[in-house]
Amino acid sequence: MTYRLVRALILSLIIGLFSTASQAMAAEKVTLYKNPQCGCCEIYAQYLRDNGFDVTVVPTNELSALNEKYGIPAELEGCHLSLINGRVIGGHVPVDIVKRFLSEKPENTVISIPGMPAGGPGMMPGVKSGPYTVYAISNGQSVVYASE
(Lines give C-alpha, C1' and ligand atoms only; values in the text may rest on other atoms or scores of the structure.)
Protein backbone atom coordinates (compact mmCIF):
# COMPACT_ATOMS: atom_id res chain seq x y z
CA MET A 1 0.00 0.00 0.00
CA THR A 2 1.10 3.48 -0.68
CA TYR A 3 1.69 6.03 2.01
CA ARG A 4 -1.27 8.12 0.80
CA LEU A 5 -3.65 5.18 0.91
CA VAL A 6 -2.56 4.19 4.43
CA ARG A 7 -2.87 7.80 5.56
CA ALA A 8 -6.37 8.08 4.04
CA LEU A 9 -7.47 4.84 5.71
CA ILE A 10 -6.17 5.94 9.11
CA LEU A 11 -7.77 9.37 8.73
CA SER A 12 -11.15 7.90 7.79
CA LEU A 13 -10.94 5.48 10.73
CA ILE A 14 -10.22 8.34 13.15
CA ILE A 15 -13.06 10.44 11.73
CA GLY A 16 -15.43 7.47 12.03
CA LEU A 17 -14.47 6.88 15.66
CA PHE A 18 -15.01 10.53 16.58
CA SER A 19 -18.34 10.58 14.77
CA THR A 20 -19.55 7.45 16.61
CA ALA A 21 -18.34 8.80 19.96
CA SER A 22 -20.06 12.14 19.49
CA GLN A 23 -23.32 10.44 18.53
CA ALA A 24 -23.12 8.26 21.65
CA MET A 25 -22.49 11.32 23.80
CA ALA A 26 -25.41 13.31 22.36
CA ALA A 27 -27.79 13.97 25.21
CA GLU A 28 -31.44 13.01 24.99
CA LYS A 29 -33.52 16.17 24.73
CA VAL A 30 -36.16 16.60 27.43
CA THR A 31 -38.93 19.18 27.61
CA LEU A 32 -40.09 19.41 31.22
CA TYR A 33 -43.38 21.21 31.90
CA LYS A 34 -43.82 22.46 35.45
CA ASN A 35 -45.85 24.79 37.60
CA PRO A 36 -44.08 28.20 37.57
CA GLN A 37 -43.82 28.24 41.39
CA CYS A 38 -42.51 24.70 41.87
CA GLY A 39 -38.90 24.45 43.02
CA CYS A 40 -38.66 20.66 43.28
CA CYS A 41 -39.22 20.40 39.53
CA GLU A 42 -36.14 22.57 38.95
CA ILE A 43 -34.17 20.18 41.16
CA TYR A 44 -35.49 17.23 39.15
CA ALA A 45 -34.52 18.98 35.89
CA GLN A 46 -30.98 19.42 37.25
CA TYR A 47 -30.98 15.76 38.33
CA LEU A 48 -31.76 14.78 34.72
CA ARG A 49 -29.01 17.11 33.43
CA ASP A 50 -26.54 15.57 35.89
CA ASN A 51 -27.44 12.20 34.41
CA GLY A 52 -26.80 13.14 30.78
CA PHE A 53 -30.07 14.67 29.58
CA ASP A 54 -30.44 18.02 27.82
CA VAL A 55 -33.40 19.58 29.66
CA THR A 56 -35.52 22.57 28.70
CA VAL A 57 -37.89 23.69 31.46
CA VAL A 58 -41.22 25.20 30.39
CA PRO A 59 -43.26 26.87 33.17
CA THR A 60 -47.00 26.44 32.63
CA ASN A 61 -50.26 26.73 34.51
CA GLU A 62 -51.77 24.02 32.27
CA LEU A 63 -50.29 20.85 33.77
CA SER A 64 -53.65 19.14 34.24
CA ALA A 65 -54.54 19.77 30.61
CA LEU A 66 -51.14 18.47 29.47
CA ASN A 67 -51.51 15.34 31.61
CA GLU A 68 -54.93 14.74 30.10
CA LYS A 69 -53.57 15.33 26.57
CA TYR A 70 -50.82 12.76 27.11
CA GLY A 71 -53.07 10.18 28.77
CA ILE A 72 -52.17 10.49 32.45
CA PRO A 73 -55.29 10.24 34.62
CA ALA A 74 -55.66 12.70 37.51
CA GLU A 75 -54.93 10.06 40.18
CA LEU A 76 -51.56 9.23 38.55
CA GLU A 77 -50.37 12.78 37.84
CA GLY A 78 -46.95 13.83 39.05
CA CYS A 79 -46.06 17.45 39.76
CA HIS A 80 -44.39 17.90 36.35
CA LEU A 81 -44.41 16.28 32.92
CA SER A 82 -41.40 15.41 30.77
CA LEU A 83 -41.41 14.64 27.05
CA ILE A 84 -38.48 12.61 25.70
CA ASN A 85 -38.39 11.26 22.12
CA GLY A 86 -42.14 10.79 21.91
CA ARG A 87 -42.28 9.28 25.39
CA VAL A 88 -44.04 10.84 28.38
CA ILE A 89 -42.67 10.74 31.93
CA GLY A 90 -44.91 12.05 34.72
CA GLY A 91 -43.32 13.19 37.98
CA HIS A 92 -40.15 12.34 39.88
CA VAL A 93 -39.27 9.05 38.16
CA PRO A 94 -35.72 7.91 39.03
CA VAL A 95 -33.30 8.18 36.12
CA ASP A 96 -32.50 4.46 36.01
CA ILE A 97 -36.20 3.76 35.39
CA VAL A 98 -36.38 6.58 32.81
CA LYS A 99 -33.38 5.16 30.93
CA ARG A 100 -34.79 1.64 31.09
CA PHE A 101 -38.14 2.88 29.74
CA LEU A 102 -36.43 4.74 26.89
CA SER A 103 -34.23 1.78 25.95
CA GLU A 104 -36.96 -0.89 26.16
CA LYS A 105 -39.35 1.06 23.95
CA PRO A 106 -42.47 -0.72 25.27
CA GLU A 107 -45.76 -0.37 23.43
CA ASN A 108 -47.08 2.18 25.91
CA THR A 109 -45.45 5.59 25.72
CA VAL A 110 -46.36 6.90 29.18
CA ILE A 111 -45.05 6.24 32.68
CA SER A 112 -45.83 8.25 35.79
CA ILE A 113 -45.10 8.34 39.48
CA PRO A 114 -48.06 10.00 41.23
CA GLY A 115 -47.71 12.96 43.53
CA MET A 116 -44.49 14.09 45.10
CA PRO A 117 -42.92 11.06 46.83
CA ALA A 118 -40.55 11.90 49.68
CA GLY A 119 -37.05 10.71 48.86
CA GLY A 120 -37.68 10.62 45.12
CA PRO A 121 -35.26 12.54 42.89
CA GLY A 122 -35.71 16.22 43.70
CA MET A 123 -37.87 15.51 46.75
CA MET A 124 -36.48 15.76 50.30
CA PRO A 125 -33.21 13.83 49.81
CA GLY A 126 -32.55 11.23 52.49
CA VAL A 127 -36.20 11.06 53.56
CA LYS A 128 -38.11 8.26 51.91
CA SER A 129 -41.80 7.71 52.54
CA GLY A 130 -41.58 4.05 51.66
CA PRO A 131 -41.53 2.23 48.37
CA TYR A 132 -43.04 4.16 45.52
CA THR A 133 -44.53 2.87 42.33
CA VAL A 134 -44.11 3.94 38.72
CA TYR A 135 -47.09 3.14 36.52
CA ALA A 136 -47.21 2.46 32.79
CA ILE A 137 -50.36 3.92 31.27
CA SER A 138 -52.05 2.95 28.04
CA ASN A 139 -55.58 3.71 26.85
CA GLY A 140 -56.66 4.80 30.33
CA GLN A 141 -55.41 1.58 31.93
CA SER A 142 -52.43 1.47 34.27
CA VAL A 143 -50.10 -1.32 35.36
CA VAL A 144 -47.10 -1.28 37.65
CA TYR A 145 -44.00 -0.62 35.57
CA ALA A 146 -41.46 -0.42 38.39
CA SER A 147 -41.27 -0.10 42.14
CA GLU A 148 -38.46 1.42 44.16
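Everything numeric here is computed off the predicted structure, so don't read it as measured data. (Residues numbered from 1 in each chain as written. Predicted model: local features only at pLDDT ≥ 70, side-chain atom pairs only at ≥ 80, totals over all residues. Heavy atoms only, no water.)

1. Looking at the side chain of Ser 82
- Position of Ser 82 among the secondary structure elements: in strand 3 (residues 80–84).
- Non-local contacts of Ser 82, meaning those with residues more than four positions away in its chain, are made with Val 30, Thr 31, Leu 32, Tyr 44, Arg 87, Val 88 and Ile 89. (Helix = DSSP H or I, 4+ residues; strand = E, 2+ residues; numbered from the N terminus. Contact = heavy atoms within 4.5 Å.)

2. Description of the pairing of strand 6 (residues 133–138)
- Strand direction decides the pairing type here: strand 5 (residues 110–112) and strand 6, joined by 3 bridges, are antiparallel. Among the inter-strand pairings, Val 110 is bridged to a residue of strand 6, identified as Ile 137.
- Inspection of the sheet shows strand 6 paired to strand 7 (residues 141–147) by 6 bridges, in the antiparallel sense. When the bridges of strand 7 are listed, Val 134 appears paired with Ala 146.
- What sits between strand 6 and strand 7 in their antiparallel hairpin is a turn of 2 residues, with Asn 139 showing a positive phi close to 50°. (Pairing = 2+ DSSP bridges.)

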